[in-house]
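What follows is the residue order along each chain.
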Amino acid sequence: MIDLSLLDKQFFQLALIAALLVGLCAPAVGTFIVQRRLALLGDGIGHVALTGVALGFLTGTAPVLTAVAVAIAGALAIELVRARGRTSGDVALALLFYGGIAGGVMLMGIAPGGSNAKLNSYLFGAIASVTAEDIWVIGGLAVLVLGVVAVFGRELFVLCQDEEMARASGLPVRFLSMLVAVTAALTVVIAMRVVGLLLVSALMVIPVATSQQLTRGFRSTMLLAMLFGVVASLGGLLASTASTRVPPGAAIVLLALAGFALALVVGRFVRRGRSQESRVSQAGNVRVEEVL
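Each chain carries its own residue numbering, running from 1 in the direction its sequence is written. With pLDDT at 70 or above as the cut-off, local features in this predicted model cover only qualifying residues; side-chain atom pairs require 80 or more to be listed or tallied, and sums for whole chains, interfaces and linings still use all residues. Based on all heavy atoms of the structure, the side-chain values leave hydrogens and waters out of the count.

Peer 1: Is there a simple way to think about the packing of helix 6 (residues 132-161) against helix 8 (residues 173-191) in this case?
Peer 2: Packed helices, taken two at a time, are described by their axes: the angle between them and the distance between them. All axes here are fitted lines through C-alpha atoms, helices being fitted over the stretch that makes contact, and every angle between N-to-C directions spans 0 to 180 degrees. To qualify as a helix, a DSSP run of H or I must reach at least 4 residues; to qualify as a strand, a run of E must reach at least 2; elements of each kind are numbered from the N terminus. At a minimum axis distance of 10 Å, the contact between helix 6 and helix 8 shows a crossing angle of 150°. The angle between helix 6 and helix 8 places the two elements in the roughly antiparallel class. In the crossing of helix 6 with helix 8, the sense of the turn from one axis to the other is left-handed. Taking contact as the criterion, the partners of Ile138, Leu141, Ala142, Leu144, Val145, Val148, Phe152, Glu155, Leu156 and Leu159 in helix 6 are, on helix 8, Val173, Phe175, Leu176, Ser177, Leu179, Val180, Thr183, Leu186, Thr187, Val189 and Ile190. Residue polarity is assigned by list, with Asp, Glu, Lys and Arg as charged and Ala, Val, Leu, Ile, Met, Phe, Trp, Tyr, Cys and Pro as nonpolar; anything else, Gly included, falls into the polar class. Across the contact of helix 6 with helix 8, the residue classes break down as 17 nonpolar, three polar and one charged. Orientation is classified from the angle alone, with under 35 degrees giving roughly parallel, over 145 giving roughly antiparallel, 65 to 115 giving roughly perpendicular, and any other angle giving oblique. Two helices cross in a left-handed way if the nearer one is turned anticlockwise from the farther one by less than a right angle. They cross in a right-handed way if the turn is clockwise. The contact rule is simple, with two residues in contact once any of their heavy atoms fall within 4.5 Å.

Written as structure tokens, this is what we have:
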């Protein structure tokens, strides 16, 4: 049973705020990533962000801030490699995967006071340990991410639909591509304390895939995906209060997957209903033409 008495506790209130912000940001950015067929970009950035976290422990600075810097650098590097065509996108992501995780483990091993327990809290999330300072950082990054989506949403949509069309329309394709990469990096850092670096990509992709089963338009897909992201984040966090053995990050992702399975079934009936309405409409038009 969900323990609602935790709502009076400050640590749980901070966890709810963090989950809400992640639930909004991850699907918003994920909509552009999925549309551009870079669904694994979040995973790659998450791995390289681990190096940034370990670098923070090694230098005695805030791990979140060093993770932001390293994640942005990694995202820009992979975008440059992909754009120049010297290495295919999946190979570039694989290099980011392996280098990021290996660098993080290595730096954490030699960092003063470094331990696997601290590493695991970033790999798999530790939302219960979110502090007020973390909320300020996460909130600032969330405002920045959502601001980018609101201001450049139309241009990013054109870019993700067809890069050649965006270039022919005179849009700054290189800048917009970099903007998508940087925004994805910021989203990964926002979500790492909630679901963990290894699961952050799931929250960027699954709500979008769920929304695509029920909607057609790009904007409606994004808005519904953000709603699903918030429901999964808050629902998973609340579900984890039923037992101390239930990790919040895993509960959030599994709830998102359950939502996708349900939407898959509902979406099939919705599409079948639309198909029948289309047939009836076409039949009606034929009869009208015959009468005329």
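Right, picking up where we left off after that structure.
Peer 1: Sorry, what's going on with the packing of helix 1 (residues 10-35) against helix 8 here?
Peer 2: Where helix 1 contacts helix 8, the axes come no closer than 10 Å and their chain directions differ by 150°. Classed by the angle they form, the pair helix 1 and helix 8 counts as roughly antiparallel. By crossing handedness, the relation of helix 1 to helix 8 is classed as left-handed. Facing Val22, Cys25, Ala26, Val29 and Ile33 of helix 1, the residues of helix 8 in contact are Thr183, Ala184, Thr187, Ile190 and Ala191. Here the residues of the contact of helix 1 with helix 8 are counted per class, giving eight nonpolar, two polar and no charged.

Peer 1: How do you make sense of a nonpolar patch on the surface when you look at a structure like this?
Peer 2: Patch rule: a residue counts if its relative accessible area is over 30% and it has no salt bridge; like charges are joined within 9 Å, and nonpolar side chains (Val, Leu, Ile, Met, Phe, Trp, Tyr) within 5 Å. Computed by Shrake-Rupley with a 1.4 Å probe, the accessible areas treat only the displayed protein chains as cover when residues are assessed. Definition used for salt bridges: Asp or Glu carboxyl oxygen within 4 Å of a side-chain nitrogen of Lys or Arg. On the surface, a nonpolar cluster with roughly 290 Å² of combined accessible area is contributed by Leu58, Met106 and Ile110. Within the secondary structure, Ile110 sits in helix 4 (residues 89-110). The class for Ile110 is exposed, based on a relative accessible area of 53%. The classification of residues rests on relative accessible area computed with a 1.4 Å probe and restricted to protein chains. Under 20% of the type maximum is buried, over 50% is exposed, and intermediate values are partly exposed.

Peer 1: Could you clarify how one ought to interpret the packing of aromatic side chains in this entry?
Peer 2: Between two aromatic rings, the relevant description is the distance of the centres plus the angle of the planes. Aromatic rings from Phe, Tyr and Trp, taking only the six-membered ring of Trp, are treated as a pair when their centres fall within 6.5 Å; an angle between ring planes under 30 degrees marks them as stacked, one over 60 as edge-to-face, and anything in between as tilted. Per the stated rule, a full pass over the model turns up three aromatic pairs. Pairing Phe32 with Phe218 gives two aromatic rings, centres 5.4 Å apart and planes at 50°, and the pair type is tilted. Taken together, the residues Phe32 in helix 1 and Phe218 in helix 10 (residues 218-239) connect sequence positions 186 residues apart. With respect to class, Phe32 is no different from Phe218; both count as buried. Centre to centre, the rings of Phe157 and Phe218 are 4.7 Å apart; their planes meet at 55°, and the pair counts as tilted. Of this pair, Phe157 sits in helix 6 while Phe218 sits in helix 10, and the two are 61 residues apart along the sequence. Residue Phe157 is classed as partly exposed on the basis of its relative accessible area of 28%. Grouping aromatic residues by their ring pairs yields a cluster made of Phe32, Phe157 and Phe218.

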